[in-house]
Amino acid sequence: MSRPLLLIMVILIILPAFVSDFWLNQILTRSIILGIAALSLTFLTTYLGVVSFAQITLAGIAGYTIAYFSPNTTGLGIELPWLFAVALALLFSTLAGALVGAIAKKSVGIYSIMITLAISMAFFYFTRQNYSIFNGWTGFSGITAPVIFGLSLEDSLVFYYATLISATAAGFLVVKFTSSPLGLAVQGVKDAARRVRAIGIPTTPVIIAAYAFSGFIAGMSGVLNVWQQERISSFSVGLSPTIDLLIIAVIGGMRHPLGAFIGAITYVLIDTFVIDLFSRDRFNMIIGLVLLFIVMAAPQGILGSFLSARKRIKKYDNNAIKRKIKNDCEI
Amino acid sequence: MKLFFIVFLNGLTLASLYFITACGFTLIFGLMRTVNMAHGVLLLLGAYIGYEVVEITASWMLGIIAGGLSCAVVGAFLQAFILGRYQGDELRQTLITIAISIILADILLWAWGGLTYQISLPEMLQGGIKLPILNVGYSVVRLTLIGMAIVVGVLLWLLIAKTKLGIIIRAGVDDREMLQALGFEIKKIFIIVFAMGAALAGMAGVIFGSALSISPGTDIQFLLSSLVVVIVGGMGSVGGAALGALLIGLAEQYGLAYAPTYGVVFTFLIMVTVLAFRPQGILGRAEK
């Protein structure tokens, strides 16, 4: 683990000692959950080269599964031990990811945007229409987070650490996946699909595997989200959270797993504080302007811009030293 | 049986609206490869402007023209000053149109509030007529709508097949660089086509607002229907938009009538089936 990353981890671990409950719940925990969802999107974008609008749907599938198999006040569903519920949730979101991949396997770039958007909206309207599984508009409410190893996830400090561990695991999984043979094949498909086929690797399973993996990561955030919000409804899988996730990924930067979390905290901070300076009703305009500015001025996002700026400074320093040596030699 | 035919007519009306909207979307996509995510919000803008104009002048035709023209101006502005700068970088353009649609939708909400508006119709189109054979009443405006979609389709076909501008557009779809090399001002053509596509959205908005009603959320409904219609029909093809609109419009209405809780599934199944067998859409051409 690199030094800056270690520093961030240490800060995040000791941070709860210094912040209020509101900050812990509404800012930190929420950002990390959104960050995991955004990570599943930036993973697909960076390594497979597709922009998927279906990640909120995949998270939603995991969330609905948890809601269905957990104690809730809706009177729908079956209660299962939390471990089974989580396993089922992640299984379903992974399978749904594979399905999305199978549908969108031939599309890249803007085509993938259109197709995944159509898939996610179909799911959204389906959850609204269907009452036997998804309970329509109202969805599920009063979902209780489980007690794990004697620690209740209802407690905000315990839940914060659980979220942090999940996020670390998600980041670790993404890094491990991308350096595995399958992960390398995924990147190969992005750069030169024809060559990948030429050396005997069929591209379709690779693409489906990448989507399935992103479904797993998205599922993690879906589970945590339902435990935090204690409810899920069709609005949780609507267009607005879908676009918010894209905004988070774009703001933070897609190249590095950390970008997703930087984007998430920026988004949550804007959502919570900048709004007070203007009017609560104009949130969409502000977030739209931020997105427009980032896309036009800093397409690599905050983290990308920061990294490339640092690289430029380093390069400048190196050049200065080289010139000095050169001058010294000439003298 | 009666229900079957009524639903068929409803499907046709919906398809007509989808067609007029998706035409603009597919026109812009065909030439510029820009996925205009602000298409739905342009439709809403046209509808609101049309509403105001109809309220003031009491002329429905003027309302449609005003709705179309105002969207054309906004569309031309977007292409000329914002999107045109990133020509060739489609992903960035798409993100920009998403940002613009968020901002514009919020401005519209600010200006017109969350109310539902209905544009008043000229007397000629109000009420219903008794249909022969079926012996049921059907609203005149809905039948007019089907006629309008046919007129729009024929006019667009004439424009693309018979006029100089149409020849340039077709050449541009086939080979943009070559067209540019031959000395055509591609930037100007892009602006014209974007304005045309936006105008179609604006006009569809006014028509929709008269036949049904408009409120925030209409923009999303039509953006999504446009997306699905062009995915199914084939991106960049006007004929494909017609076919796609027909399929989706009918599927939606029949789904609603016969399987209300699973209606969306039909639309989704059509899309998935088409993508599985013809990823470029029914009438679309494969990417080179």
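Residues numbered from 1 in each chain as written. Chains lettered and ligands numbered in written order. Predicted model: local features only at pLDDT ≥ 70, side-chain atom pairs only at ≥ 80, totals over all residues. Heavy atoms only, no water.

S.K.: Residues and numbers for the packing of aromatic side chains, please.
M.R.: For the structure shown, the criterion picks out 25 aromatic pairs over all chains. On the numbers, 5.0 Å between centres and 55° between planes, the contact of F124(A) with Y125(A) is tilted. The partly exposed category is assigned to Y125(A), whose relative accessible area is 27%. Ring geometry for Y254(B) against Y258(B): centres 6.0 Å apart, planes inclined by 20°, an arrangement best described as stacked. One end of the pair, Y254(B), and the other, Y258(B), are both in helix 10 (residues 238–258), four residues apart, so they sit about a helical turn from each other. The class for Y254(B) is buried, based on a relative accessible area of 18%. Following the ring pairs from residue to residue traces out a cluster consisting of Y64(A), Y68(A), F69(A), F123(A), F126(A), F134(A) and F140(A). Between R128(A) and the ring centre of W137(A), over which it is positioned, the NZ or CZ distance is 3.9 Å. (Phe/Tyr/Trp six-rings, centres within 6.5 Å; stacked < 30°, edge-to-face > 60°. Buried < 20%, exposed > 50% of the residue type's maximum accessible area, 1.4 Å probe, protein only. Helix = DSSP H or I, 4+ residues; strand = E, 2+ residues; numbered from the N terminus. Lys NZ or Arg CZ within 6 Å of the ring centre and 35° of its normal.)

S.K.: Give me the lowdown on the nonpolar core, citing residues and values where you can.
M.R.: L48(A), W227(A), F19(B) and I98(B) are the most contacted members of the largest nonpolar core, which totals 193 residues. Ranked by residues supplied to this core, first place goes to helix 2 (residues 21–48) of chain A with 14 residues. Discounting chain neighbours no more than four positions away, the residues touching L48(A) are F43(A), V186(A), V189(A), K190(A), I207(A), A210(A) and Y211(A). (Core = buried A, V, L, I, M, F, W, Y, C linked by side-chain atoms within 4.5 Å. Contact = heavy atoms within 4.5 Å.)

S.K.: Provide a residue-level description of the interface of chain A and chain B, including the pertinent values.
M.R.: Contacts between chain A and chain B engage 36 residues on the former and 43 residues on the latter. Overall, the association of chain A and chain B removes approximately 3,500 Å² of surface from exposure, summing both partners, and the carbon and sulfur fraction of that is 80%. Among the residues chain A hides against chain B, the three largest losses belong to I110(A), M114(A) and Q129(A). Together they make up 19% of the total. At the boundary of chain A and chain B, one finds zero salt bridges. (Buried area = accessible area lost by both parts, 1.4 Å probe. Salt bridge = Lys/Arg side-chain N within 4 Å of Asp/Glu carboxyl O.)

S.K.: Any details on helix 1 (residues 2–32) of chain B? Residues and values, ideally.
M.R.: Residues and elements named next belong to chain B. If you check helix 1, its first and last C-alpha atoms are 45 Å apart, about what 31 residues at 1.5 Å a residue would give, namely 45 Å. At A22, helix 1 shows its maximal kink, close to 25°. Within helix 1, 24 of the 31 residues are buried, leaving the element largely enclosed by the surrounding structure. Within two residues after helix 1, R33 carries a phi angle of roughly 60°, on the positive side. (Expected span 1.5 Å × (residues − 1). Bend = angle between axes of the 7 residues up to and from the residue.)

S.K.: Any details on the packing of helix 2 of chain A against helix 8 (residues 203–229) of chain A? Residues and values, ideally.
M.R.: Residues and elements named next belong to chain A. Interhelical geometry of helix 2 versus helix 8 gives an angle of 170° and a closest axis separation of 9 Å. In terms of orientation, helix 2 and helix 8 fall into the roughly antiparallel class. Along the contact surface, helix 2 presents N25, T29, R30, I33, I36, A37, L39, S40, F43, L44 and L48, while helix 8 presents I207, A210, Y211, F213, S214, I217, A218, M220, S221, L224, N225 and Q228. By residue class, the composition of the contact of helix 2 with helix 8 is 15 nonpolar, seven polar and one charged. (Axes fitted to C-alpha atoms, helices over the stretch in contact; angles between N-to-C directions. Parallel < 35°, antiparallel > 145°, perpendicular 65-115°, else oblique. Nonpolar A, V, L, I, M, F, W, Y, C, P; charged D, E, K, R; others polar.)

S.K.: So what about the side chain of T127(A)? Which residues, and what values?
M.R.: All names here are of chain A. Assignment of secondary structure puts T127 in helix 5 (residues 109–129). The exposure class assigned to T127 is buried, which follows from its relative accessible area of 0%. Within polar-contact distance, the side chain of T127 engages the backbone oxygen of F124 at 2.6 Å. Among all residues touching T127, those that are not within four sequence positions of it are Y64, F134, G136, W137, S234 and V237. (Polar contact = N/O pair within 3.5 Å; in protein donor to acceptor, adjacent residues only side chain to side chain.)

S.K.: With reference to specific residues and values, describe the domain arrangement of chain A.
M.R.: All names here are of chain A. Looking at the assigned domains, one finds that chain A contains domain 1 (3–299) and domain 2 (302–331). Each of domain 1 and domain 2 has a C-alpha centre, and the two are 38 Å apart. If you look at the interface, domain 1 gives 10 residues, while domain 2 gives four residues. Contact with domain 2 buries area across many residues of domain 1, yet H256, I262 and A298 alone supply 46% of it, more than any other trio. Counting every contact that joins domain 1 to domain 2 gives zero salt bridges. (Domains from an automatic or database assignment.)

S.K.: Report on the state of the cysteines, specifying residues and quantitative values.
M.R.: Residues and elements named next belong to chain B. Under the defined criterion, the tally for this structure stands at zero disulfides over all chains. Its sulfur unpaired, C23 is 15 Å from the next cysteine sulfur, which belongs to C71. A residue is classified by how much of its surface remains accessible, and C23, at 0% relative accessible area, is buried. On the accessibility criterion, C71 (0% relative accessible area) is buried. (Disulfide = S-S within 2.5 Å.)

S.K.: Can you break down the side chain of S233(A) residue by residue, with the values?
M.R.: Tracing the chain through its elements places S233(A) in the loop between strand 4 (231–232) and helix 9 (239–252). Not counting the four nearest positions on each side in its chain, S233(A) is found in contact with Y64(A), W137(A), T138(A) and G139(A).

S.K.: Hey, could you go over the packing of helix 2 of chain A against helix 6 (residues 156–179) of chain A for me, with residue numbers and the actual values?
M.R.: Helix-helix packing is described using two parameters, namely the angle between the two axes and the distance between the axes. All names here are of chain A. Relative to each other, helix 2 and helix 6 sit at 15°, their axes nearing to 10 Å. In this view, helix 2 runs roughly parallel relative to helix 6, as classed from their interaxial angle. Handedness of the helix 2/helix 6 crossing: left-handed. Within the contact of helix 2 with helix 6, the residues separate by chemical class into 16 nonpolar, seven polar and one charged. (Left-handed = near helix turned anticlockwise from the far one by under 90°.)

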